[in-house]
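Remarks on the overall topology
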Amino acid sequence: MKRPAAFIDRDGVINVEHGYVHKIADFEWLPGVFDGLRRLQSAGFALIVVTNQAGIAKGYYAESDFDCLTAHMLGQLNAEGIQIERVYHCPHHPRATRADLRRNCTCRKPAPGMLLQAASDLGLDLAR
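Presented here is an overview of the structure given in this document. Note that the coordinates shown come from a computational prediction; the quantities given were computed from them, not determined experimentally.

Quick word on the overall build of the chain
Looking only at helices and strands, one finds four helices and three strands in the chain. Mapped from its N terminus to its C terminus, the chain presents α and β elements in the order β-α-β-α-α-β-α. A principal-axis box enclosing the C-alpha atoms of the chain has dimensions of 40 × 35 × 20 Å. In the chain, buried positions account for 38% of the 128 residues. With an accessible surface of roughly 6,800 Å², the chain has 52% of that area assigned to carbon and sulfur atoms. The centroid of the 15 positive side-chain charges in the chain is displaced by 6 Å from the centroid of its 14 negative side-chain charges.

Here it is, written out as structure tokens:
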């Protein structure tokens, strides 16, 4: 049986949006995030983070910076008893400075690519 999921954005939902957050020192949890995620988890939802990361496409930071910050975020969530099933990110942008990432893609929100990929990878019921 497929599982229900909650798709959660990162910047402005999990952490304060300071503009292209990519350093641990700039990562600030929003109030109530831990309690909210625990409630969703307790209700049986798989927790999936889906985040546009135009800062990679625009050359503001590297993929490795995103990976480091993601590991930090997941470590703190795990310490709070919160299990994120997977983190999906879109590094593309139609006006990227990096030519290899300059495109209109199906993964950049609001397009559904990351949600569809998560459903396929994790056996999720998108209707739930």
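Considering the nonpolar core
In terms of nonpolar packing, the biggest core is built from 15 residues, with I14, F27, W29, L37, L47, M73 and L77 touching the most fellow members. Those elements that provide at least two residues to this core are β1 (5-8), α1 (33-42), β2 (46-52) and α3 (63-79). For this core, the element with the most residues is α3, which contributes three residues. Contact partners of L47, with chain neighbours within four places excluded, come to A6, I8, L37, L40, Q41, I82, Q83, I84, E85 and R86.

As for the pairing of β1
Walk down a regular strand and you will see the side chains alternate between the two sheet faces. Sheet topology places β1 next to β2; four bridges connect them, and they run parallel. Across the sheet, the residue bridging to I8 is V49, located in β2. You can see the chain leave β1, run along α1 and come back into β2, and the turn it takes is right-handed.

A closer look at the environment of I24
As for its placement among the helices and strands, I24 is situated in the loop between β1 and α1. Once you skip the residues sitting within four places of it in the chain, I24 turns out to touch C68, L69 and H72.

Things to note about the side chain of D11
If you trace the backbone, D11 turns up in the loop between β1 and α1. Taking relative accessible area as the criterion, D11 reaches 16% and is therefore assigned buried. Within the structure, D11 has its side chain in polar contact with the side chain of R10 (distance 3.0 Å). At 3.0 Å, the side chain of D11 and the side chain of N15 are in polar contact. Aside from chain neighbours lying at most four places away, what touches D11 is E17, V21, T51 and Q53.

What about unusual backbone geometry?
Trans peptide bonds make up most of the peptide bonds, and negative phi angles are found at most residues other than glycine. In this chain, K109 is followed by P110 through a cis amide linkage whose omega measures 15°. Structurally, P110 is set in the loop between β3 (84-90) and α4 (113-122). Even without being a glycine, Y20 presents a positive backbone phi close to 55°. We classify Y20 as partly exposed; its relative accessible area is 35%.

A few points about the sheet that holds β2
Sheet architecture is open: three strands sit in the order β1-β2-β3, paired in parallel fashion. Of all the strands in the sheet, the pair left with one neighbour each is β1 and β3. If you compare each strand with its neighbour and ignore which way they point, the axes differ by 20° on average. Most of the contacts of α3 go to β3, to which it runs at about 155°, and overall it touches β2 and β3.

So, how was this worked out
Residues numbered from 1 in each chain as written. Predicted model: local features only at pLDDT ≥ 70, side-chain atom pairs only at ≥ 80, totals over all residues. Heavy atoms only, no water. Helix = DSSP H or I, 4+ residues; strand = E, 2+ residues; numbered from the N terminus. Buried < 20%, exposed > 50% of the residue type's maximum accessible area, 1.4 Å probe, protein only. Areas by Shrake-Rupley, 256 points an atom, 1.4 Å probe, with all protein chains shown as cover. Lys, Arg positive; Asp, Glu negative; His and termini not counted. Charge placed at Lys NZ, Arg CZ, Asp CG, Glu CD. Core = buried A, V, L, I, M, F, W, Y, C linked by side-chain atoms within 4.5 Å. Contact = heavy atoms within 4.5 Å. Pairing = 2+ DSSP bridges. Right-handed = clockwise from strand over helix to strand, strands pointing away. Polar contact = N/O pair within 3.5 Å; in protein donor to acceptor, adjacent residues only side chain to side chain. Axes fitted to C-alpha atoms, helices over the stretch in contact; angles between N-to-C directions.

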